[in-house]
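This is what each chain is made of:
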Amino acid sequence: MGRVTQQRPATDSGDAQVPDRLALLHMMMTIRRFEEKAAEMYARGRIKGFLHLYIGEEAVATGAIAAVRPDDYIISHYREHGHALARGLEPRRIMAELYGKETGVTGGRGGSMHLFDVAKSFLGGYAIVAGHLPLACGLALAEQYKGTERIAVNFLGDGAVNEGEYHESLNLAAIWKLPVLFIVENNLYGMGTALSSVCAPEEIYKSAAGYGIRSERVDGMNVTDVYRSVERLAHHVRSGAGPAFLEALCYRFRGHSMADAELYRAKDEVERWRSMDPILQLKNEMLADGSIDEAGIEKMQADVEEMVRDAAQFAEDSAPPPIESLWRGVYKEPGDA
Amino acid sequence: MPEITYREALRQALRYQLLNDERVFFMGEDIGAYGGSYAVTKGFLEEFGDRRVKDTPIAESVVVGAGIGAAMAGLKPMVELMTINFSLLAIDQIVNNASKLHYMSNGQINVPIVIRMAGGAGSQLGAQHSQSLEGWYAHVPGLKVVVPATPYDAKGLLMTAFDDENPVIFIEHTALYTTKGEVPSDPYRLPFGKAEVYRQGKDVTLISYAGSLQQAHGAAQQLAAEGIECEVLNLRTLRPLDIDGIVASVRKTNRAIIVEDDWEFGGFGGEIAALIQEHAFDDLDGPVLRCSGADVPMPYAHALEQAALPQEADVIRLVKSMV
């Protein structure tokens, strides 16, 4: 897997790259189908706990992660399946993690909200709102200390922006010029509460500008727009000019989690956003300019379908973690790898 | 062997780390230009520069969280939080992130961070600056909790803390910084999870740590004049806890009292008492007792504060009630 990150050379050299739209489309379709399959398996009782779907927001993770280098840190919130897939974690091992199987990315320790793959610089999903922003600062601080070009890309939801850790992190990143790129996925609701009813600044990205951080807003339903914004901001961050901040306006087509009865959103609002479906937008754009045809899309769809089917089968066939492993790894002991 | 203060012992360990490990850096509130609120890091900014010694905003959560993030990326940060009271503003980072990342990531990540803070009471600093919350941290799997009682402990345990691959909560006691003791000039390490038999005895085991070692030992000396020989244990670390050492002592004396500054109700002493009855019930001649801090927010007035803290006289009274 990892088509998006592996097929393209390192970007944000300063010269704008042309995004590989085929790869972007493929990744967005992968995330969509993966999430639909996860929802299906949740409904069938194969997946337990909380399950937060990324459906509708695919353009943000896909465009952003394609625009940075494969070794840049990605650190995200608990709606992170899309980020993990976009970073190239194997769909099989993500699905197995959702199933709580030994073959999952953390061997069934983390579950849906805590996917990790350090070898791919994917530093995890975190389930305390805004609790991972300080960690992103620390990852960036370490690379600044070591003198590398690596940056930290920190995905957060709009629900995080009223937390103290958000403001503490923006301030620290700004005063120490930390190489961190904050990307807020503003889907307008923190769980069931409209952001507009609980957040004083009307536009989130302006709160970051108040800390002197380079800050922009982008249409998060348009994957190539996201790509270009992130490419530009990542270059700024990598050049040593300090942190950057991107607010991506987007929408989740499904509830907050599988437990959400969705009583708080008007139907016409949901329909309006659905008409801006990021996958549909890119498909139509590519069909119109002839860069893909219907047969090409069908082939891609079949490819994605097979990948997701295989992932679910792998998860089904995998064993649960052995009970004896319960006590393993509370502490790192001398001699542990 | 040179006699130095607890503060100087800590300084020696910290300076050794900066000199010998490029991955080590320090950050915290007022640790640089000011020299540290308890003067432990005085002169380090001038000697090592602001890459290694970073003054931070007063923003405990991001200071600790950034330390954790840096540790995840292969560095060995030391974060100083002034006092344990302020650490409550960072408890999300300590409990939800530092303690869990190794387990939750299935061993992919570890967090070799040392988080230093001063705890305890006795200096009339009022309710919000006088807490002994070490038991809260000791409650959390994934953390190690260190409570040095002497200058010798301070240096040796802090050296070990930097060797550890896990998050270490290193709790100094505010009343001990100026106390003196013999400390080797060369670096040395004291193992975690191994209590010191600070004084040998046969009649009652007094289990203490950090500040309470002074009360326990003072009481033991007075009781010796009356022919009662207390064995005094200095725990050094609460997690890991030297339960074998505690049980071995109780098997010898058949009686135990836990001396701690912490509140009694739900405190760490209750855990020790539970472990003793699980492991050495048949060796006990009576119930395990606790000599703890009063169950009140710490008052300011000198007489009230002293009444709220365990005193030698309190320990002596409890010992005499047992023998």
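Reading the values: rules and limits
Residues numbered from 1 in each chain as written. Chains lettered and ligands numbered in written order. Predicted model: local features only at pLDDT ≥ 70, side-chain atom pairs only at ≥ 80, totals over all residues. Helix = DSSP H or I, 4+ residues; strand = E, 2+ residues; numbered from the N terminus. Rg over C-alpha atoms; globule rule 2.2 N^0.38 Å. Buried ≥ 20, exposed ≤ 12 C-beta atoms within 10 Å, placed from the backbone. Contact = placed C-beta atoms within 7 Å. Nonpolar A, V, L, I, M, F, W, Y, C, P; charged D, E, K, R; others polar. Core = buried A, V, L, I, M, F, W, Y, C linked by C-beta atoms within 7 Å. Domains from an automatic or database assignment. Pairing = 2+ DSSP bridges. Axes fitted to C-alpha atoms, helices over the stretch in contact; angles between N-to-C directions. Parallel < 35°, antiparallel > 145°, perpendicular 65-115°, else oblique. Left-handed = near helix turned anticlockwise from the far one by under 90°. pLDDT = per-residue confidence, 0-100. Right-handed = clockwise from strand over helix to strand, strands pointing away.

## Describing the overall build of chain B
Then comes step 1: Summing up its helical and strand segments, chain B has 12 helices and 14 strands in all.
Then comes step 2: Since a compact globule built from 323 residues should have a radius of gyration of about 20 Å, the 19 Å found for chain B is in line with a globular shape.
Then comes step 3: Along the longest, intermediate and shortest principal axes, the C-alpha atoms of chain B span 60 × 45 × 40 Å.
Then comes step 4: With 323 residues in all, chain B has 56% of them scored as buried.

## Quick word on the overall build of chain A
Then comes step 1: For chain A, the count of helices and strands is 12 helices and 8 strands.
Then comes step 2: For chain A, whose C-alpha radius of gyration is 19 Å, the value lies close to the compact-globule estimate of 20 Å for 337 residues.
Then comes step 3: For chain A, the spread of C-alpha atoms along the principal axes amounts to about 60 × 50 × 45 Å.
Then comes step 4: Each of the 337 residues in chain A was classed as buried or not, and the buried ones make up 53%.
Then comes step 5: By sequence separation, contacts in chain A at least 24 residues apart represent 75% of the contacts at least 6 residues apart.

## Here we look at the interface of chain B and chain A
Then comes step 1: With 33 residues of chain B in contact, the opposing surface of chain A contributes 32 residues.
Then comes step 2: The set of elements that each furnish at least two residues to the side of chain B that touches chain A consists of helix H3 (60-72), helix H4 (91-98) and helix H5 (101-104) of chain B.
Then comes step 3: A total of 9 residues in the side of chain B that touches chain A trace back to one element, the largest contributor, which is H3(B).
Then comes step 4: Looking at the side of chain B that touches chain A, its residues break down into 14 nonpolar, 16 polar and 3 charged.

## So, the nonpolar core
Then comes step 1: Of all hydrophobic cores here, the largest spans 192 residues; its most connected members are A:Cys137, A:Leu139, A:Val180, A:Leu181, B:Ile115 and B:Leu206.
Then comes step 2: Among the elements that line this core, the one with the most residues is helix H2 (residues 21-43) of chain A, at 9 residues.
Then comes step 3: When residues of this core are assigned to domains, at least three fall in each of domain 1 (3-182) and domain 2 (196-322) of chain B.
Then comes step 4: Beyond its immediate sequence surroundings of up to four residues, A:Leu139 is in contact with A:Tyr73, A:Ile75, A:Leu123, A:Ala152, B:Gly69, B:Met72 and B:Ala73.

## Side note on the sheet that holds strand E8 (residues 244-249) of chain A
All names here are of chain A.
Then comes step 1: Sheet architecture is open: 6 strands sit in the order E2-E1-E3-E4-E8-E7, paired in parallel fashion. Both outer strands of the open sheet, strand E2 (122-125) and strand E7 (214-219), are each paired with one neighbouring strand and no more. Strand-to-strand twist in this sheet, taken as the mean axis angle between neighbours without regard to direction, amounts to 15°.
Then comes step 2: For strand E1 (residues 73-76) and E2, the ladder comprises 2 bridges, and the chain directions are parallel. If you follow Ser76 over to E2, its bridge partner there is Gly125.
Then comes step 3: Running at roughly 170° to E7, helix H9 (residues 223-241) makes contact with strand E4 (180-186), E7 and E8 of the sheet.

## Some remarks on unusual backbone geometry
Residues and elements named next belong to chain B.
Then comes step 1: Residue Pro240 is reached from Arg239 by a cis peptide bond, and omega for that bond is 0°.
Then comes step 2: Mapped onto the elements of the fold, Pro240 is located in the loop between strand E12 (237-239) and helix H9 (243-253).
Then comes step 3: Phi at Asp30 takes a positive value of approximately 65°, unusual for a residue other than glycine.
Then comes step 4: If you check the backbone angles, Asn254 has positive phi at about 65° while not being a glycine.
Then comes step 5: With respect to the helices and strands, the residue Asn254 is situated in the loop between H9 and strand E13 (256-263).

## Some remarks on the sheet that holds strand E6 (residues 144-146) of chain B
Residue and element names in this part refer to chain B.
Then comes step 1: One open sheet holds the 7 strands; their spatial order is E3-E2-E4-E5-E7-E6-E12, and the pairing between them is mixed. Sheet topology places strand E3 (53-55) and E12 at the edges, where each strand pairs with a single neighbour. Along the sheet, successive strands turn relative to each other by an average axial angle of 20°, direction set aside.
Then comes step 2: In the sheet, strand E2 (residues 24-28) pairs with strand E4 (residues 76-83) via 5 bridges, with the strands oriented parallel.

## Description of the packing of H2(A) against helix H12 (residues 294-317) of chain A
Residues and elements named next belong to chain A.
Then comes step 1: Running from amino to carboxyl end, H2 crosses H12 at an angle of 40°, the nearest separation of the two axes being 9 Å. Our classification of the angle between H2 and H12 gives oblique. As H2 packs across H12, the resulting crossing turns out to be right-handed. Here Leu25, His26, Met29, Thr30, Arg33, Phe34, Lys37 and Met41 of H2 come into contact with H12, specifically with Met300, Gln301, Val304, Glu305, Met307, Val308, Ala311 and Ala312.
Then comes step 2: Of the residues belonging to the contact of H2 with H12, the class tally is 10 nonpolar, 3 polar and 3 charged.

## Here's the deal with the domain arrangement of chain B
Residue and element names in this part refer to chain B.
Then comes step 1: The domain boundaries assigned to chain B delineate domain 1 (3-182) and domain 2 (196-322).
Then comes step 2: For domain 1 and domain 2, the distance between their C-alpha centres works out to 26 Å.
Then comes step 3: Across the contact, 24 residues belong to domain 1 and 22 residues belong to domain 2.
Then comes step 4: Of all the elements in the fold, those that place two or more residues in the side of domain 1 that touches domain 2 are helix H6 (134-138), E6, helix H7 (151-163) and strand E7 (168-173).
Then comes step 5: In terms of residue class, the side of domain 1 that touches domain 2 is made up of 13 nonpolar, 8 polar and 3 charged.

## Re the environment of A:Tyr205
All names here are of chain A.
Then comes step 1: Tracing the backbone through its elements, the reader meets Tyr205 in helix H8 (residues 204-209).
Then comes step 2: Taking C-alpha positions, Tyr205 is 13 Å from Leu188, a pair spaced 17 residues apart along the chain.
Then comes step 3: Look past the residues within four positions of Tyr205 in its chain and what remains in contact with it is Ser215, Glu216, Arg217, Phe245 and Glu247.

## Thoughts on the confidence of the model for chain B
Then comes step 1: In the predicted model, chain B carries a mean pLDDT of 97, and the fraction of residues at 70 or more is 100%.
Then comes step 2: Scored as a complex, the prediction yields pTM 0.96 and ipTM 0.96.

## Section: the pairing of E8(A)
Remark: a regular strand shows side chains that alternate across the two faces of the sheet.
All names here are of chain A.
Then comes step 1: By the criterion of burial, E8 is predominantly enclosed, with 6 of the 6 residues buried.
Then comes step 2: Residues Ala244, Leu246 and Ala248 point to one face of E8 and Phe245, Glu247 and Leu249 to the other, with burial holding for every one of them.
Then comes step 3: The sheet contact formed by E4 and E8 spans 6 bridges and is parallel. Looking at E8, one finds that Leu181 is bridged to Ala244.
Then comes step 4: Here E7 runs beside E8; their pairing, made up of 6 bridges, is parallel. Counterpart to Arg217 in the pairing with E8 is Glu247.
Then comes step 5: In this view, the connection linking E7 to its parallel neighbour E8 by way of H9 has right-handed handedness.

## Section: the environment of A:Leu172
Then comes step 1: For A:Leu172, the position within the fold is in helix H7 (residues 164-175).
Then comes step 2: Considering only alpha carbons, one finds A:Leu172 and A:Ala39, 133 residues apart in sequence, at a separation of 38 Å.

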